[in-house]
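Listed below, chain by chain, are the residues.
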Amino acid sequence: GRQNEDNEEFLPTGETSIDSYPNWLKFHIGINRYELYSRDNPAIEALLQDLVSQKITSVAMKSGGTQLKLIMTFQNYGQALFKPMKQTREQETPPDFFYFSDYERHNAEIAAFHLDRQVKWICSKRKVEILILDFRRVPPVAGRLVNMTREIRDVTRDKKLWRTFFISPANNICFYGECSYYCSTEHALCGKPDQIEGSLAAFLPDLSLAKRKTWRNPWRRSYHKRKKAEWEVDPDYCEEVKQTPPYDSGTRILDVMDMTVFDFLMGNMDRHHYETFEKFGNETFIIHLDNGRGFGKYSHDELSILVPLNQCCRIRKSTYLRLQLLAKEEYKLSLLMKESLLKDKIAPILYQPHLEAMDRRLRIVLKAVSDCIEKDGYDNVVENDFNADVNTVTTER
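The rules behind these values
Residues numbered from 1 in each chain as written. Predicted model: local features only at pLDDT ≥ 70, side-chain atom pairs only at ≥ 80, totals over all residues. Heavy atoms only, no water. Patch = residues over 30% accessible without salt bridge, like charges linked within 9 Å, V, L, I, M, F, W, Y side chains within 5 Å. Areas by Shrake-Rupley, 256 points an atom, 1.4 Å probe, with all protein chains shown as cover. Salt bridge = Lys/Arg side-chain N within 4 Å of Asp/Glu carboxyl O. Helix = DSSP H or I, 4+ residues; strand = E, 2+ residues; numbered from the N terminus. Pairing = 2+ DSSP bridges. Axes fitted to C-alpha atoms, helices over the stretch in contact; angles between N-to-C directions. Phe/Tyr/Trp six-rings, centres within 6.5 Å; stacked < 30°, edge-to-face > 60°. Core = buried A, V, L, I, M, F, W, Y, C linked by side-chain atoms within 4.5 Å. Buried < 20%, exposed > 50% of the residue type's maximum accessible area, 1.4 Å probe, protein only. Domains from an automatic or database assignment. Contact = heavy atoms within 4.5 Å. UniProt positions renumbered as here; feature names shortened; annotations may be inferred. 1 Å grid on protein atoms, 1.4 Å probe; cavity = no way out; pocket = protein on both sides within 12 Å on 5 of 7 lines; lining within 4 Å. Expected span 1.5 Å × (residues − 1). Points joined across faces, edges and corners; volume = space filled by probe spheres on them. Nonpolar A, V, L, I, M, F, W, Y, C, P; charged D, E, K, R; others polar.

Colleague: Lay out a nonpolar patch on the surface with the relevant residues and their values.
Modeller: A grouping of Ile18, Tyr21 and Ile29 is seen on the molecular surface, where their side chains present a nonpolar patch of about 240 Å² in accessible area. Within the secondary structure, Ile18 is located in the loop between α1 (2-9) and α2 (23-30).

Colleague: Tell me what's going on with the sheet that holds strand β10 (residues 195-202), and back it up with residues and numbers.
Modeller: Taken together, the 5 strands give an open sheet; going across it, the order is β1-β2-β3-β10-β6, and neighbouring strands pair in antiparallel fashion. Both edges of this open sheet fall to β1 (56-61) and β6 (141-147), since each of them pairs with a single strand only. Recorded for the sheet is a direction-independent mean angle of 35° between the axes of neighbouring strands. In this structure, strand β3 (residues 79-84) lies alongside β10, joined through 5 bridges in antiparallel fashion.

Colleague: Please give an account of the packing of aromatic side chains that cites residues and values.
Modeller: Under the counting rule described, the total for this entry stands at 15 aromatic pairs. On the basis of an interplanar angle of 40° and a centroid distance of 6.2 Å, the ring pair of Phe100 and Tyr223 is categorised as tilted. Of the two residues, Phe100 is situated in the loop between β3 and α4 (106-115) and Tyr223 in the loop between β11 (212-216) and α7 (230-233); the sequence distance between them amounts to 123 residues. On the numbers, 6.2 Å between centres and 50° between planes, the contact of Phe166 with Tyr176 is tilted.

Colleague: Give a detailed account of the nonpolar core, specifying residues and quantitative values.
Modeller: With 99 residues, the main nonpolar core has Leu70, Leu115, Ile152, Phe175, Trp219 and Met337 as its most contacted residues. Broken down by element, the residue count for this core peaks at 10 residues, all from helix α9 (residues 252-266). Three or more residues apiece are contributed to this core by two domains, here domain 1 (20-200) and domain 2 (210-381). If near-sequence neighbours (up to four positions away) are discounted, Leu115 is found in contact with Ile132, Leu133, Phe262, Leu265, Met266, Leu333, Met337 and Met358.

Colleague: How would you summarise the UniProt feature "binding site: Mn(2+)" (unreviewed entry) in the protein chain if you had to cite specific residues and measurements?
Modeller: The positions UniProt marks with the feature "binding site: Mn(2+)" (unreviewed entry) are Glu104 and Asp290. A stretch of 187 residues holds the annotated residues, and the largest C-alpha distance among them is 9.1 Å, short enough that they meet in one place. Of the annotated set, the members that line the largest pocket are Glu104 and Asp290. Residue Glu104 is classed as buried on the basis of its relative accessible area, which comes to 8%. Discounting chain neighbours no more than four positions away, the residues touching Glu104 are Thr66, Gln67, Lys69, Lys83, Lys86, Asp290, Gly292 and Arg293. If you trace the backbone, Asp290 turns up in the loop between β12 (273-277) and α10 (307-312). The class of Asp290 is partly exposed, set by a relative accessible area of 42%.

Colleague: An account of helix α13 (residues 352-376) is requested, with residue identities and associated values reported.
Modeller: When the terminal C-alpha atoms of α13 are compared, their 37 Å separation across 25 residues agrees well with the 36 Å that a helix rising 1.5 Å per residue should span. At the exit of α13 stands Gly377, carrying a positive phi of roughly 90°.

Colleague: Give me the lowdown on empty space enclosed by the protein, citing residues and values where you can.
Modeller: Applying the stated criterion to the full structure yields 3 cavities of 30 Å³ or more. A volume near 160 Å³ is recorded for the largest cavity. In terms of lining, the largest cavity is formed by 16 residues, of which the most central are Asn217, Trp219, Asp263, Arg271 and Ile305. Broken down by element, the lining of the largest cavity gets its largest block of residues, 4 residues, from α9. Its residues assigned to classes, the lining of the largest cavity comprises 7 nonpolar, 5 polar and 4 charged. By volume, the second largest cavity is sized at about 50 Å³. It is helix α3 (residues 42-53) that contributes the most residues to the lining of the second largest cavity, 3 residues altogether. Along the lines of polarity and charge, the residues of the lining of the second largest cavity split into 4 nonpolar, 4 polar and 1 charged.

Colleague: I'd like to hear about the pattern of salt bridges, residue by residue, with values.
Modeller: One pass over the full model with this rule turns up 28 salt bridges. The salt bridge involving Lys69 is made with Glu104; its shortest N-O contact spans 3.5 Å. Residue Lys69 is located in the loop between β1 and β2 (70-74), and its partner Glu104 is located in the loop between β3 and α4; the two are separated by 35 residues in the primary sequence. Residue classification places Lys69 among the buried residues on the basis of a relative accessible area of 8%. Residue Glu197 pairs with Arg89 through a salt bridge whose shortest N-O separation is 2.8 Å. Taken as a pair, Glu197 in strand β10 and Arg89 in the loop between β3 and α4 lie far apart in primary sequence, 108 residues in all. We classify Glu197 as buried; its relative accessible area is 17%. Residues joined in a network through salt bridges with shared partners are Glu35, Arg39, Asp134, Arg136 and Arg322.

See below:
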């Protein structure tokens, strides 16, 4: 019997079976009802390393979506979504662009991942783990320099992608792919001569293994040049939402408030839908996917993103305390973000004015919450989530 037990537990290499799994699989196994990964999951740092160092074995275009994205497969069979660099760090979204025709920024994807998690902070010679928003709802993202010839053109079996490669008059390698926006010779992505920068976001488990449900964001924009959405004209719109499942019970409305704060800090106006894992039903977190339209303007704070918070006047206590901490001089949001983003291979990720804009927006969020408290009373606004089951049982699979 003893012999059999050994065989079950150890592989011929002498490792326990889970230790031998690739990091992308360890990430998938760690997903639970409350978070994409736990605070201390060592596989996440290792996965970020894999995203920038694993050999790219094949590349294909991702179908759907308005802008070019590539699916990259690695030697260890992990996969990631590659968004190429479209704008320099200093460029702002042109003032006459609508939110739905804005570029998707690779650095916004990277910064969103860091904003959503934690950073090691050296404070008075001690290493302290300071969490930034500590939601852990964004899949791991890392920046990488990719050789367009060796790591895209030569490994793709996607004829439609391959056909769009050309050499520019300046002798640089360029390609533009196929998509509904910005996929033309004029909007081609060109290397110098063949290096391109981009973000790589780790894939979530295959949909055949972990189905996801797509929900229409109640505060989605009209996506129309002239029409307004209902929430923009009805100040009592939240009351209506709170009577509609899944917002009429459980934590979903608080999750939407977390997402609202997250998007406002980044200036992301493009949250038209969101996703959850079907297996966990309605009592689960919102996955913060697709953040490429954040960090477009540092000189403007888009107050309409904050409307859900202003209308609903609800926030988790854990989120509120964290925001108050990040407003303190010694734990300043911009400083923590800057420190965290330095770890990325293609740092600096954000132009300094974007970091300063986050501090300014944080003050606006805190003012909105304090206005709510003044109007409705602390206990009606701030939801104590510390003794709730949600925060004590964090390992349920």
